[in-house]
Amino acid sequence: MSVQTPPTLMQLARQALLRNEALAISALEKLPMELFPGLFKDAVHARHTRVVTAMVEAWPFPCLPVGTLMKTPNMEIFVAVLHGIDMHLDTRRENLQVLDLRQVPYDFWRIQTGAEEGDGPAETVGEKQVVKVLSRFALSGHLTVMADLGLWPSVREEEAYLLHWVMQRKGSVQLCCTNLKIWPLPVWTLKKFFNFQPQHIEELELSVGWDLSTLAHFAPCLGQMRNLHKLSLTHVFKTTWEICNRLADRDEKCVSQFTSQFSNLNCLQHLSINWIYFLRGRMKQLLRCLTTPLETLTTTGFHLSQRDLNYFPLCHNLCQLKHLDMSGVVLLTLDPVPLRVLLQNVADTLQSLDLQGCRMKDSHLTHLIPALSQCSKLTKLNLYDNDFSMPILKDLLHHTANLRKLSVEQYPAPLQCYDESGCISVERFSHLCHELMDILRARRQPEGISFATRTCHKCAARSVYDLVPRLCFCLP
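Keep in mind the model is a prediction, meaning the values are calculated, not measured. (Residues numbered from 1 in each chain as written. Predicted model: local features only at pLDDT ≥ 70, side-chain atom pairs only at ≥ 80, totals over all residues. Heavy atoms only, no water.)

Concerning the overall build of the chain
For the chain, the count of helices and strands is 18 helices and 14 strands. Residue pairs in contact within the chain that sit at least 24 positions apart in sequence constitute 77% of those at least 6 positions apart. Total accessible area computed for the chain in this model is approximately 22700 Å², and 53% of it derives from carbon and sulfur atoms. (Helix = DSSP H or I, 4+ residues; strand = E, 2+ residues; numbered from the N terminus. Contact = heavy atoms within 4.5 Å. Areas by Shrake-Rupley, 256 points an atom, 1.4 Å probe, with all protein chains shown as cover.)

Have a look at this one:
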């Protein structure tokens, strides 16, 4: 039977005050500022909307990080907060400078209420966090509203209300978005939105289904995102003309308009490009525009040319990669030597490598094994859905047995597991996997290996033979 910690006297006092909303609101003018955070948290969680509105109006701190208290969306509380901002603006108070609606961790609440609720002593880290936010986002003469947004034809109720609310208060409120996701929307709608400080966007996910010319119209907006750290671009479709013909001069100009904007993205570290047909043969044109080294590169869903692959090891901005995902990129007809050189270049930094579904053969893996054996920081390796024989898998495990940080490995069943009809023989599968397990036993300390049959998180629908914590072989 668990013993519940009894509420503190301060908690009991706040609960009593909130039971009489009129009394709580009238007491705000005399309430010490140190008591505001705890009372505000209680009011939000108990959905006392009138008290929330009054407390936002009288908020004594320069930053109100309310988003972290609203992890479960509640329209009534959301409207109450914005109504409080309206009253704050009407009374021309100057205490509050930033309203943060993002659901990000904030030490402010723990620091301000931790001492009396048993979470530890107050620290200065919360103050430093708020100061950092204020120094970057607070704008002279405006109240800054920070929010993470997802824009698509059916915008969520809270986001639609916020955008309309901000549009009506252009002269006194400035919207800053740090994390933006965009689904199919007309470009003119997005350009209207980008009147709101695009330079503050840090993460952008574009899954819009545009054609190339539409993407080129959007390119100048992308170029304004000078603090962008993470960009994910998915699905740019071919027009009917482009399906029947090669790119015309006009379309080459559109490609240049798009790729040239990457020279403005001085903070870009994570780049994901998926199903972008026009980049085949033009990866050099894109990558050479980068001004800082990437930590993550994802190129999936479209065919790379040999010319693209040849440039990868020559690109200085790929020399510090931590994560490389080329899943679904067909390497069957490509020379794997440039990929081997790239892996050698990033051997001291690479942490994850995903080559699932690349249709590789033994000859490809033979070229890559020496480079993989040098990747000392590698923690995840996915080679599933390729065609490898038992001897080449043995060779791979011999060469990677010294990679102590490797914790997740996925491989296809060896080709020798298939019978004459092309079906997996469970008996062969079990026998060959035990052989591979013996290789690891011979190269590792016994206490470092545990044996269990588990389900692989990536292929739960398939049969999985899991040999050791760092290794699984998946049936197709």
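Quick notes on unusual backbone geometry
Look at Arg92: it is not a glycine, yet its phi comes out positive at around 55°. Summarising the element assignment, Arg92 is placed in the loop between helix 5 (75-90) and strand 2 (98-100).

A look at helix 16 (residues 362-372)
Along helix 16, the residues that are buried comprise His364, Leu365, Leu368, Ile369, Ala371 and Leu372. Angular distribution of buried residues about the axis of helix 16 spans 165°; they occupy a single face of the element. Its buried side turned inward, helix 16 meets helix 15 (337-345), strand 10 (352-354), strand 11 (380-382) and helix 17 (390-400). (Buried < 20%, exposed > 50% of the residue type's maximum accessible area, 1.4 Å probe, protein only. Arc of directions from axis to C-beta.)

Structural notes on the packing of aromatic side chains
Centre distance and the angle of the planes are the two values used to describe a pair of aromatic rings. Tallied over the full model, the rule gives eight aromatic pairs. Judged by centre distance (5.5 Å) and plane angle (55°), the rings of Trp59 and Phe61 are tilted. On the basis of relative accessibility, which here comes to 10%, the residue Phe61 falls in the buried class. Ring geometry for Tyr277 against Phe278: centres 5.8 Å apart, planes inclined by 85°, an arrangement best described as edge-to-face. A relative accessible area of 1% places Phe278 in the buried class. Put simply, the rings of Phe36, Phe40, Trp59 and Phe61 touch in pairs and so form one group of aromatic residues. (Phe/Tyr/Trp six-rings, centres within 6.5 Å; stacked < 30°, edge-to-face > 60°.)

Observations concerning the side chain of Glu158
Mapping Glu158 onto the fold places it in helix 8 (residues 157-167). Under the relative-accessibility criterion, Glu158 is labelled buried at 13%. Apart from the residues within four sequence positions on either side, Glu158 is in contact with Pro73, Asn74, Met75 and Phe78.

Structural notes on the nonpolar core
Within the largest apolar cluster, 136 residues are counted, with the highest numbers of intra-cluster contacts made by Phe40, Leu162, Leu204 and Phe262. If you tally residues by element for this core, the top one is helix 5, at seven residues. If we ignore the near neighbours within four places in the chain, the residues touching Phe262 are Leu222, Leu231, Leu268, Leu271, Leu286, Cys289 and Leu290. (Core = buried A, V, L, I, M, F, W, Y, C linked by side-chain atoms within 4.5 Å.)

Notes on helix 8
The complete set of buried residues in helix 8 reads Glu158, Glu159, Leu162, Leu163, Trp165 and Val166. Along the axis of helix 8, the buried residues cluster in a sector spanning 165°; they form a single face. The outward face of helix 8, more than 90 degrees from its buried face, is lined by the exposed residues Glu157 and His164.

A short note on the pattern of salt bridges
Scanning the entire structure with this criterion turns up 11 salt bridges. Note that Asp86 and Arg169 form a salt bridge whose closest N and O atoms lie 2.6 Å from each other. Separated by 83 residues along the polypeptide, Asp86 in helix 5 and Arg169 in the loop between helix 8 and strand 4 (173-182) bring together distant segments of the chain. Under the relative-accessibility criterion, Arg169 is labelled buried at 19%. Between Arg428 and Glu420 there is a salt bridge, with the nearest N and O atoms lying 4.0 Å from each other. According to the relative accessible area criterion, Arg428 is partly exposed, its value standing at 32%. (Salt bridge = Lys/Arg side-chain N within 4 Å of Asp/Glu carboxyl O.)

Observations concerning the packing of helix 1 (residues 9-18) against helix 3 (residues 36-45)
At a minimum axis separation of 10 Å, helix 1 and helix 3 run at an interaxial angle of 55°. Taken together, the axis directions place helix 1 and helix 3 in an arrangement best described as oblique. Viewed along their axes, helix 1 and helix 3 form a crossing whose handedness is right-handed. Of helix 3, the residues touching helix 1 (which contributes Arg14, Leu17 and Leu18) are Gly38, Leu39, Asp42 and Ala43. Tallied by class, the residues present in the contact of helix 1 with helix 3 amount to four nonpolar, one polar and two charged. (Axes fitted to C-alpha atoms, helices over the stretch in contact; angles between N-to-C directions. Parallel < 35°, antiparallel > 145°, perpendicular 65-115°, else oblique. Left-handed = near helix turned anticlockwise from the far one by under 90°. Nonpolar A, V, L, I, M, F, W, Y, C, P; charged D, E, K, R; others polar.)

Brief notes about the environment of Gln416
Here Gln416 is to be found in the loop between strand 12 (408-412) and helix 18 (426-443). C-alpha separation for the pair Gln416 and Pro391, spaced 25 residues apart in sequence, amounts to 9.7 Å. Among all residues touching Gln416, those that are not within four sequence positions of it are Ser389, Met390, Pro391, Arg428 and Leu432. There is a polar contact of 2.8 Å between the side chain of Gln416 and the backbone nitrogen of Met390. (Polar contact = N/O pair within 3.5 Å; in protein donor to acceptor, adjacent residues only side chain to side chain.)

Some thoughts on the pairing of strand 8 (residues 296-300)
By the criterion of burial, strand 8 is predominantly enclosed, with five of the five residues buried. Judged by which residues are buried, strand 8 turns out to be covered on both faces: Thr296, Thr298 and Thr300 on one side and Leu297 and Thr299 on the other are all buried. Pairing of strand 7 (residues 270-276) with strand 8, which is carried by five bridges, proceeds in the parallel orientation. Among the inter-strand pairings, His270 is bridged to a residue of strand 8, identified as Thr296. Taken together, the three bridges between strand 8 and strand 9 (residues 323-325) define a ladder with parallel strand orientation. Counted as the bridge partner of Leu297 is Leu324 from strand 9. (Pairing = 2+ DSSP bridges.)

Focus: the packing of helix 3 against helix 4 (residues 49-57)
Viewed as axis vectors pointing N to C, helix 3 and helix 4 meet at an angle of 150°, and their least axial separation amounts to 9 Å. Between helix 3 and helix 4, the crossing angle belongs to the class labelled roughly antiparallel. In this structure, the crossing between helix 3 and helix 4 has a hand that is left-handed. Residue-level inspection shows Phe36, Leu39, Phe40, Ala43 and Val44 of helix 3 in contact with helix 4, the latter providing Val51, Val52, Met55 and Val56. Here the contact of helix 3 with helix 4 is composed, by residue class, of nine nonpolar, no polar and no charged.

Nothing here speaks to function; it is all geometry.
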